[in-house]
Amino acid sequence: MDMGQVPYAGARGPLNAKVAVSRISEHFRFVLEESFVKKGFEFAVFLENDLLVAPDFLWLFRASAWLLTADPSLFCVSAWNDNGFSDAALLRAELNATRLFRTDYFPGLGWMIQNTTWFSLRPSWPRYPSTGWDHWLRHGGRQQLELAASAESGGSGAARECVAPEVSRTHHFDQRGTNVKVGTPMAKKLSKMAFSTAKPHELGDLSYLLKENYQDLLHELLRKAILVSAEQVEHLEPMKAYLVPFVRRDYKKLAQKLQITEAQPRSSHEGLIATRDPKSGAAVFLANRLSSPWLPSTEQAFPHEQRHVAAARPGESCADMCQRLRMICSDFELEFINDCAALKAHFPCEEGCGHQVGEEIPCYVHEASRDTGKQCLVTDDAIPRCGAKNQATSRLCSCIPA
């Protein structure tokens, strides 16, 4: 099964795409139910039928399962690194063939969860995850896990992360799927994915992946990192580490320079993406200005102190809503409310919170006849624009003083 994205058309995806993603989602619901409810397994590994596996594929899960029990901030282990292709991946293969890392972006493509995770997800598993069940899990599903963790602890829910390998333990070979076809850019990129040859029993002590230990390791690595701008990335020196602030609208060009995935900032941990410069081999840490606490405060971006967040009228743009309130709309401010929690504070979101691609996102699809009807939508693909609007949606807007 190919679980890429389907195109967005004003809150109405193509019918065949809707059928495809719904069937795939229902298939996963079925196997998850079979594994954890009918069979009663504590852990289960899920592998799509278009993947080859590395020699230590099963050992990866066996060796790391205890982490899911010991650390409540983790919910899965994956065999896939979304940034594991290109020359940067080959450099990592030589330097860190057995190293694993933490990410809050669900990787998929060969993954394991514990039964308690499924019991938290199953009440809200989507009937129609418009760009795929995996994108839903990264947004609406992640929020569901955080709410469950909060209810269990009586406090705020911890961000739920996955453990993934520096060098992938699965390899995507099929080029006849819904989105991965012969000759397409995605097929060409996947063909360059580095594939591990590590053997079982070579992973060593994985306690460095426990949250506190991992934070300490990152702190030590970043202490020596040199702060540079995105424009300076083309001139990095070997044997050094660099910290590069970015915002999502500029990410594609930066990712192209470093030969990592361009569509979204994947493989991040608290807004931080670790990779290597394909030219010099220097360690590079990309830090999202909006969400990464690893940046100096002077490099972080924060929402306007006098912002006014509210739901627009059906079909109304944020530019028009803010003008109606005698305020102005800034595209950049919309990034701070592009998440499920913000939407659910203003809309009913009866069909949950999902992912889509559109400039009027974040929004609520008030028109029930649409494919995404009654869903709240976020995006990690498109960049929200103040002037965008759609008659089927009600936007969530952030207005600031004129």
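Each remark here, short or long, concerns the structure printed above.
Residues numbered from 1 in each chain as written. Predicted model: local features only at pLDDT ≥ 70, side-chain atom pairs only at ≥ 80, totals over all residues. Heavy atoms only, no water.

1. So, the overall build of the protein chain
Part 1 of the argument: When you go through the protein chain residue by residue, the secondary structure sums to 12 helices and 17 strands.
Part 2 of the argument: Across the 402 residues that make up the protein chain, the buried fraction comes to 55%.
Part 3 of the argument: Accessible area for the protein chain stands at about 17800 Å²; split by element, carbon and sulfur atoms hold 53% of it. (Helix = DSSP H or I, 4+ residues; strand = E, 2+ residues; numbered from the N terminus. Buried < 20%, exposed > 50% of the residue type's maximum accessible area, 1.4 Å probe, protein only. Areas by Shrake-Rupley, 256 points an atom, 1.4 Å probe, with all protein chains shown as cover.)

2. Describing the sheet that holds strand E11 (residues 283-288)
Part 1 of the argument: Judged by pairing direction, the sheet is mixed, and its 4 strands sit side by side in the order E8-E9-E11-E10 without closing on themselves. The sheet is open, and its two edges are formed by strand E8 (226-227) and strand E10 (272-276), each paired on a single side.
Part 2 of the argument: Here E8 pairs with strand E9 (residues 241-246) via 2 bridges, running parallel. Each bridged residue has a counterpart across the sheet, and for Ile-226 the counterpart in E9 is Tyr-242.
Part 3 of the argument: Sheet contacts for helix H8 (residues 211-223): E9, E10 and E11; angle to E11, the most-contacted strand, approximately 110°.
Part 4 of the argument: The sheet contacts of helix H9 (residues 251-258) involve E9, E10 and E11, and relative to E11 the element is tilted by about 170°. (Pairing = 2+ DSSP bridges. Contact = heavy atoms within 4.5 Å. Axes fitted to C-alpha atoms, helices over the stretch in contact; angles between N-to-C directions.)

3. Some words on the state of the cysteines
Part 1 of the argument: By the definition in use, this model includes 6 disulfides.
Part 2 of the argument: Here Cys-349 connects covalently by a disulfide to Cys-376, the sulfurs 1.9 Å from one another. Every disulfide takes its handedness from the sign of the S-S torsion; for Cys-349 and Cys-376 that torsion is -70°, giving left-handed. With a gap of 27 residues between them, Cys-349 in the loop between helix H12 (340-344) and strand E14 (353-355) and Cys-376 in strand E16 (residues 376-378) connect regions that are remote in the sequence. Neither residue differs from the other here; Cys-349 and Cys-376 are each classed as buried.
Part 3 of the argument: Lacking any disulfide linkage, Cys-363 is separated from the closest cysteine sulfur, that of Cys-376, by 8.0 Å.
Part 4 of the argument: Residue class for Cys-363 comes out buried when judged on its relative accessible area of 0%. (Disulfide = S-S within 2.5 Å.)

4. Description of the nonpolar core
Part 1 of the argument: Formed by 31 residues in total, the largest nonpolar core has its most connected members in Leu-100, Leu-206, Leu-209, Leu-243, Leu-272 and Phe-285.
Part 2 of the argument: Element by element, the count of residues in this core is highest for helix H2 (residues 57-70), at 7 residues.
Part 3 of the argument: With residues up to four places along the chain from it excluded, the contact list for Phe-285 reads Leu-218, Leu-221, Leu-222, Ala-241, Tyr-242, Leu-243, Val-244, Leu-272, Ile-273 and Ala-274. (Core = buried A, V, L, I, M, F, W, Y, C linked by side-chain atoms within 4.5 Å.)

5. A short note on the side chain of Arg-248
Part 1 of the argument: Relative to the helices and strands, Arg-248 is located in the loop between E9 and H9.
Part 2 of the argument: Other than its neighbours up to four places away in sequence, Arg-248 contacts Pro-265, Glu-335, Asn-338, Thr-379, Asp-380, Asp-381, Ala-382, Ile-383 and Pro-384.

6. Quick look at the environment of Ile-361
Part 1 of the argument: Its location among the elements puts Ile-361 in the loop between E14 and strand E15 (363-365).
Part 2 of the argument: C-alpha separation for the pair Ile-361 and Leu-334, spaced 27 residues apart in sequence, amounts to 8.8 Å.

7. Some remarks on the packing of aromatic side chains
Part 1 of the argument: Evaluation of the coordinates by the stated rule reveals 15 aromatic pairs.
Part 2 of the argument: Plain terms: the ring middles of Trp-118 and Trp-125 are 5.4 Å apart, the flat faces sit at 70° to each other, and that makes the pair edge-to-face.
Part 3 of the argument: Residue Trp-118 is classed as buried on the basis of its relative accessible area, which comes to 0%.
Part 4 of the argument: Residue classification places Trp-125 among the buried positions, given a relative accessible area of 5%.
Part 5 of the argument: Ring-pair connections join several aromatic residues into one group, and the members of that group are Phe-28, Phe-36, Phe-46, Phe-75, Phe-106, Trp-111, Trp-118, Trp-125, Trp-133 and Trp-136.
Part 6 of the argument: Geometry around Tyr-208 places Arg-99 over its ring, the cationic atom sitting 4.0 Å from the centre. (Phe/Tyr/Trp six-rings, centres within 6.5 Å; stacked < 30°, edge-to-face > 60°. Lys NZ or Arg CZ within 6 Å of the ring centre and 35° of its normal.)

8. Concerning the sheet that holds strand E6 (residues 161-165)
Part 1 of the argument: Read from one edge to the other, the open sheet built from 5 strands follows the order E1-E5-E3-E6-E4, with strand pairing classed as mixed. Pairing within the sheet leaves two strands with one partner each, and these edge strands are strand E1 (43-46) and strand E4 (100-103). Sheet twist, expressed as the average angle between the axes of neighbouring strands with direction ignored, equals 25°.
Part 2 of the argument: Here strand E3 (residues 74-78) runs beside E6; their pairing, made up of 3 bridges, is parallel.

9. Quick word on the environment of Val-45
Part 1 of the argument: Positionally, Val-45 belongs in strand E1.
Part 2 of the argument: Accessibility expressed as a relative area gives 35% for Val-45, which makes it partly exposed.
Part 3 of the argument: A sequence separation of 13 residues divides Val-45 from Leu-58, and the C-alpha atoms of the two residues are 8.8 Å apart.
Part 4 of the argument: With sequence-adjacent residues up to four places away left out, Val-45 is seen in contact with Phe-57, Phe-61, Trp-111 and Met-112.

10. Considerations on H2
An α-helix turns once per 3.6 residues; consequently, residues spaced three or four apart project the same way.
Part 1 of the argument: Ser-64 marks the point of greatest bend in H2, at about 35°.
Part 2 of the argument: Within the span of H2, buried status applies to Phe-57, Leu-60, Phe-61, Ala-63, Ser-64, Ala-65, Leu-67 and Leu-68. (Bend = angle between axes of the 7 residues up to and from the residue.)

11. Section: H8
Part 1 of the argument: Its 13 residues place the ends of H8 18 Å apart at the C-alpha level, agreeing with the 18 Å of an ideal helix rising 1.5 Å per residue.
Part 2 of the argument: Buried within H8 we find Tyr-214, Gln-215, Leu-218 and Leu-222. Looking down the long axis of H8, one finds its buried residues gathered within 100° of arc, a one-sided arrangement. Exposed residues on H8 whose side chains face more than 90 degrees from its buried face are Glu-212 and Arg-223.
Part 3 of the argument: In this structure, the buried residues of H8 make contact with E4, E9, E10 and E11. (Expected span 1.5 Å × (residues − 1). Arc of directions from axis to C-beta.)

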